[in-house]
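A look at the structure
Now for the letters of each chain:
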Amino acid sequence: MQGGIISPDTGKHALDGMSDLLATKNKRVPRKNEKYSPMVNMVRYADDFKLFTKSYQQARKLFYAVQDWLKGRLGLDISPEKSKIVNLRKRYSEFLGLRIKAANHGSKQKPNYVVESHIKEKSIEKISECMKRLIHDIEFPGPGKRAEHAAVARFNAYVFSAHNYYDMATMVCHDLHPLAFSVHKSLKARLRKRLKTAKQARKKKLRYPIPDFIKERYGDSDQLRFVRGYALIPIGYVKHRNPMMKRRVINSYTTEGREAIHEKLGRNIDTNIMHYLMRNPIPYRSAAYNDNRISLYCAQFGKCAITGEKLEIGNIHCHHKLPKHLGGSDEYKNLVIVSESVHRLIHATNPEIIRKYLQKLNLDAKQLRKLNKLRSLANVESCLKFDAISP
């Protein structure tokens, strides 16, 4: 990464053609004992791409070649603001919310250029605005017993997704550190006694339950905060992670690609059962329902959403959380895979039948809460007055 970089703003079909053109241009037979290094490297994501070259002369030639090719072949104009030649040794170039530069970690005599990337200023401002809104939602969660928990969940989901994307920046921790200070200050001012730090929790021996995905990644951080026992993911506790390119063979459009997907899934699910579901759709159901049934089986790793047991053919039921007669749809988010016994228990209204299946399944407190939630959505709470299901 020691030379020019250009970034035409074009459509996907143009990028596909451009990739073919570059592949043709770069074909050359290397000499004996010579390491072949292509003249141009492309980094592409959807409609955005960057072209990296080794010198300004190569970048200039390539810039005008691409400009003429896009105009002459496709009738597309490039964006002067986004499409330019940049010397990465002197200036940053912006790409997909990041600022990229080639920093010299060697000496003037023996330069050693490595990637130095930051989160773009506009992206940091956007994260800051979202954090303010999410903190406000936690401060004023609205009515309902679960409103505060839902607000905390939205906060955690946003921070987790921001970390998962921006941790490809080499300076991500440096960029988010000032924001972390501001967030902690805002949490303390707005939530007051509702907020507890990790140190306070340890000192007072408060054993707050922490979800596994938070404990695994953030459990050692003193930046953890708790709101009435709910853990808040710290925005500043993040480190750089090298982005890994997906294996090219993995895709849904070739036999080899589908086999690779199934091989990956096969570690967790029974692919024979998945193929059975694909070949045996539920009659008189929509295509969306049958497609989502397969997707949910994979997403739940072939297990019941309530009991966690491995499901076999004949014991796989796809349940509508909000029933069709109450306006429920066949969307993915409105469906869940459960066992036959659990499905019967969700819809049961006879106390004797409810007791029968409860005794058979022997559900614990957490599983009962999940069951009650599904029963509530299905509008079959009337049997609760018989104390058939414990809260």
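In short, a report on the structure. (Residues numbered from 1 in each chain as written. Predicted model: local features only at pLDDT ≥ 70, side-chain atom pairs only at ≥ 80, totals over all residues. Heavy atoms only, no water.)

Another point: the pattern of salt bridges. Applying the stated criterion across every chain yields a total of 13 salt bridges. Note that Glu94 is salt-bridged to Lys120, the shortest N-O span being 3.8 Å. Here Glu94 is found in strand E4 (residues 93-95), whereas its partner Lys120 is found in the loop between strand E6 (113-119) and helix H3 (121-139), with 26 residues between them in sequence. Judged by its relative accessible area of 19%, Lys120 is buried. Notably, a salt bridge pairs Arg228 with Glu148, separated by 3.3 Å at the nearest N-O pair. With Arg228 in the loop between strand E8 (225-227) and strand E9 (230-232) and Glu148 in helix H4 (residues 147-166), this residue pair connects regions lying 80 residues apart in the sequence. A residue is classified by how much of its surface remains accessible, and Glu148, at 12% relative accessible area, is buried. (Salt bridge = Lys/Arg side-chain N within 4 Å of Asp/Glu carboxyl O. Helix = DSSP H or I, 4+ residues; strand = E, 2+ residues; numbered from the N terminus. Buried < 20%, exposed > 50% of the residue type's maximum accessible area, 1.4 Å probe, protein only.)

Let us look at the sheet that holds E9. Pairing is antiparallel across the open sheet formed by three strands, whose spatial order is E7-E8-E9. The open sheet has two free edges, formed respectively by strand E7 (195-197) and E9, since each of these has just one partner strand. The average angle at which neighbouring strand axes cross in this sheet is 35 degrees, direction not considered. For E7 and E8, the ladder comprises three bridges, and the chain directions are antiparallel. From the neighbouring strand, Lys196 faces E8, where its bridge partner is Phe226. (Pairing = 2+ DSSP bridges. Axes fitted to C-alpha atoms, helices over the stretch in contact; angles between N-to-C directions.)

Let us look at the side chain of Lys196. Position of Lys196 among the secondary structure elements: in strand E7. Buried and unpaired, Lys196 has Glu148 as its nearest opposite-charge partner, separated by 11 Å. Contacts of Lys196, omitting those with residues within four sequence positions, involve Lys204, Tyr208, Leu224, Arg225 and Phe226. (Lys, Arg positive; Asp, Glu negative; His and termini not counted. Contact = heavy atoms within 4.5 Å.)

The subject of this paragraph is the environment of Phe52. Structurally, the position occupied by Phe52 is in strand E3 (residues 48-52). Of the residues examined, Phe52 reaches a relative accessible area of 11% and is grouped as buried. Between the C-alpha atom of Phe52 and that of Val86, which follows or precedes it by 34 residues, the distance is 9.8 Å.

Now for the packing of helix H11 (residues 340-347) against helix H12 (residues 351-361). Direction vectors running N to C along H11 and H12 enclose 145 degrees, while the axes themselves pass 10 Å from each other. With respect to the hand of their crossing, H11 and H12 are arranged in left-handed fashion. Facing Ser341, Val342, Arg344 and Leu345 of H11, the residues of H12 in contact are Ile354, Tyr357, Leu358, Lys360 and Leu361. Classifying every residue of the contact of H11 with H12 by side-chain character gives six nonpolar, one polar and two charged. (Left-handed = near helix turned anticlockwise from the far one by under 90°. Nonpolar A, V, L, I, M, F, W, Y, C, P; charged D, E, K, R; others polar.)

Packing of H11 against helix H13 (residues 365-377) brings their axes to within 8 Å, and their N-to-C directions diverge by 55 degrees. Taken together, the axis directions place H11 and H13 in an arrangement best described as oblique. Note that H11 runs across H13; the crossing there is right-handed. Residues Leu345, Ile346 and His347 of H11 lie in contact with H13, whose contacting residues are Leu371, Leu374 and Arg375. (Parallel < 35°, antiparallel > 145°, perpendicular 65-115°, else oblique.)

Taking strand neighbours across the sheet as the criterion, the three strands line up as E4-E5-E6 in an open arrangement whose pairing is antiparallel. Every other strand in the sheet has two partners, leaving E4 and E6 as the edge strands with one partner each. Across this sheet, the average inter-strand angle for adjacent strands is 35 degrees, counted without regard to direction. Examined bridge by bridge, strand E5 (residues 98-104) and E6 share seven bridges and lie antiparallel to one another. Across the sheet, the residue bridging to Ala102 is Val115, located in E6.

Distances and angles like these do not, on their own, reveal function.
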